Amino acid sequence: MPNIGPEHLKPLSEFKYLNAENVSRYRLIMRVFYENHMKLRYWLRPLDVHGAVLETGLIQDYTLEQCEQDLQVLHEWGNLECQQDKAKSTSIEEFKKRRFRYQMTAAAVEIERLLESLKRVQGYGGELDAGPLETILQRLRDVRDRGTQMPPAEAFALWKELQDRFRKLHENAVDYYAQISSTKAEALMQTAAFLTFKEDLRRYLQRFALGLQQFGAHIEGMLRALPAETVEAFLERVTRGEMEIPNLEDARDFDERIAAHREEWASFVAWFLGSDSDESEVVKLERATKEAIGRVVRQALALQEQARAGVSRRRDLAYLAQWFMRLDSIEDAHRLGAVVFGLYVPRHFQGEPPRSTDSADCSMWEETPLFRALSPKTRGPRQRLAISPVRDRAVQKARAMEAWRASQASARDLERRWLREGTFAISDYEQLELEDRQLLLQWISRALARPNHRFRHAEGFQIRVELPPKGDRHRISFPDGEMEMPNFRFHIWREGP
């Protein structure tokens, strides 16, 4: 369930000054406030703002009355806070005029920072770095070892670093994949310049994929092994460390703060472990990396094929045709053709043309020519295709579906047969079928990808693969040959009653 509430449906008046009728005046005033805010000058009087606006020279004929009206409008929209300037009153009449001074609100400061960062945006940015995963793994080990005895201040600092690394990993990866999937990247992949750095890009993606496989599996095992009591005690210490920092704008009590931290921890765990209805983000990220690698390789191969096949020989062939036209006899043309086309790259057409004779001594020049119509490679008008009726393929579909169901049933029977074996080793078998080899190798791959070399089967069984001692290997015969492999031992049992 996404973290969306009624507050996300309300309009934000703080952004009105970016598109209001007098947007140039409002944005200039807010920029003056932001520049002074960065210089630790928080409160400004209308006279100060008016003078700063006129100094820029960007607005002409701007009066003090207009400035005061603009400041009041920005105050109503929630961009400025106002306070009566009592220090400047020298008489009762001046005090009654209610002179104000203004300060930016926290939301207005963040909006100006956003506008400042938007000016530097030139693309999605992002990077693929497995370093945050290693840091997350180290911090989770600290939580496991010292989470219940850690001082509150240290626990809160560790929690902030953990969330910061997690957020950095997610945002950078999302931005980088958006960058290589953008229209600009697609256009670059269509050019020959892409070949110069495609190998660096492929290695970069592969390095990140290896980091995901290495640290992602360790983090998954660490999160599954963490006791709930340790996590709860750690979150309590995090909350107490947070409450030790005075914050005038955060009035939440202990229960509200720890509830928010529990939700953050649940999101953190779901990112690495997934849920019953959806797989983890680590798996999705690994799949996206492999798809990106495949797209890079395919595009590079396509560019190389295009470079090899896209060279036009029209001018050379036209010049060569003049040579043939100047020859006096067909024998001279044959000799010229042998010299020119003897090492030329041939084009092979599928099919066996009919021959007028079966004699092996007959020359190709004595054969009757075979005519083939070649379709042009241009994007011009194409020939109209012949209209053919829609054929009923219900029988073929039924046969294909029946064959697919039979193959699925055979695969299930094979898995159930091996699940009933209980405990066995590779050395217990001298000869197996190809289907057995595919299933056992798949189980070994799934088990070795996890820290405890164990995974749960869809039938409710637990499968653990035990690594053999070094040098313990066994050779098994298959219909397509023999394969030597480590003598893995399998332990299979059913969970629950």
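Everything discussed here concerns the structure shown above.
Residues numbered from 1 in each chain as written. Predicted model: local features only at pLDDT ≥ 70, side-chain atom pairs only at ≥ 80, totals over all residues. Heavy atoms only, no water.

Moving on: the nonpolar core. A general trend in soluble globular proteins is that nonpolar side chains are found buried together. Judged by nonpolar contacts, the single largest core of 34 residues is most densely connected at Leu140, Leu223, Phe234, Trp265, Phe268 and Phe272. Elements supplying a minimum of two residues to this core: helix H6 (131-146), helix H7 (152-180), helix H9 (194-225), helix H10 (228-243), helix H11 (254-273) and helix H12 (281-309). Per-element tally for this core: the top contributor is H7, with eight residues. In this structure, Trp265 is in contact with Leu140, Trp159, Leu162, Leu223, Leu226, Val231 and Leu235, ignoring residues within four places of it in sequence. Grouped together as the second largest cluster of nonpolar side chains are 26 residues, Tyr34, Tyr62, Trp77 and Val109 included. (Core = buried A, V, L, I, M, F, W, Y, C linked by side-chain atoms within 4.5 Å. Buried < 20%, exposed > 50% of the residue type's maximum accessible area, 1.4 Å probe, protein only. Helix = DSSP H or I, 4+ residues; strand = E, 2+ residues; numbered from the N terminus. Contact = heavy atoms within 4.5 Å.)

All right, on to the pairing of strand S6 (residues 473-478) then. Burial along S6 is one-sided: the residues His474, Ile476 and Phe478 are buried and none of Arg473, Arg475 and Ser477 is. As judged from the six bridges shared by S6 and strand S7 (residues 481-486), these two strands associate in the antiparallel manner. Across the sheet, Ile476 pairs through a bridge with Met483, a residue of S7. In this antiparallel pair of consecutive strands, S6 and S7, the connection spans two residues. (Pairing = 2+ DSSP bridges.)

Below, the discussion takes up the packing of aromatic side chains. In the structure shown here, the tally under the stated rule is ten aromatic pairs. Centroid distance Trp159 to Phe234: 6.3 Å. Interplanar angle 55°. Geometry classified as tilted. Here the residue Trp159 occupies a position in helix H7, and Phe234 occupies one in helix H10, the gap between them amounting to 75 residues. The class for Phe234 is buried, based on a relative accessible area of 0%. (Phe/Tyr/Trp six-rings, centres within 6.5 Å; stacked < 30°, edge-to-face > 60°.)

This paragraph deals with the packing of helix H2 (residues 46-56) against helix H3 (residues 64-76). Across the interface, H2 lies against H3 with an axial gap of 9 Å and an inter-helix angle of 110°. One way to sum up the angle between H2 and H3 is to call them roughly perpendicular. Considering how the two elements wind past one another, H2 and H3 form a crossing that is right-handed. Counted together, Pro46, Leu47, Val49 and His50 of H2 and Leu64, Cys67, Glu68 and Leu71 of H3 form the full contact between these two elements. Considering only residue class, the contact of H2 with H3 consists of six nonpolar, one polar and one charged. (Axes fitted to C-alpha atoms, helices over the stretch in contact; angles between N-to-C directions. Parallel < 35°, antiparallel > 145°, perpendicular 65-115°, else oblique. Left-handed = near helix turned anticlockwise from the far one by under 90°. Nonpolar A, V, L, I, M, F, W, Y, C, P; charged D, E, K, R; others polar.)

This brings us to the packing of helix H15 (residues 394-419) against helix H16 (residues 434-448). It is the contact of H15 with H16, at a shortest axis distance of 11 Å, that shows an interaxial angle of 65°. As H15 packs across H16, the resulting crossing turns out to be right-handed. Between H15 and H16, the residues in contact are Leu414, Glu415, Arg417, Trp418 and Leu419 and Glu435, Asp436, Leu439, Leu440 and Trp443, respectively. Looking at the contact of H15 with H16 residue by residue, the class counts come to six nonpolar, no polar and four charged.

The next subject is a nonpolar patch on the surface. Taken together, the side chains of Leu12, Phe15, Leu114 and Leu118 present a nonpolar region at the surface, about 370 Å² in accessible area. Here Leu118 is to be found in helix H5 (residues 106-118). Accessibility expressed as a relative area gives 48% for Leu118, which makes it partly exposed. (Patch = residues over 30% accessible without salt bridge, like charges linked within 9 Å, V, L, I, M, F, W, Y side chains within 5 Å. Areas by Shrake-Rupley, 256 points an atom, 1.4 Å probe, with all protein chains shown as cover. Salt bridge = Lys/Arg side-chain N within 4 Å of Asp/Glu carboxyl O.)

The next thing to look at is unusual backbone geometry. Trans is the common state for peptide bonds, and a negative phi is the common state for residues other than glycine. Backbone geometry places Asp61, a non-glycine residue, at a positive phi of 55°. As for its placement among the helices and strands, Asp61 is situated in the loop between H2 and H3. You can call Asp61 exposed: its relative accessible area is 73%. At His453, a position not held by glycine, the phi torsion is positive, near 55°. Tracing the chain through its elements places His453 in the loop between H16 and strand S4 (454-456).

With that settled, consider the side chain of His37. Mapped onto the elements, His37 comes out in helix H1 (residues 23-38). Each residue touching His37, except ones within four places of it in the same chain, is listed here: Tyr42, Met104 and Val109.

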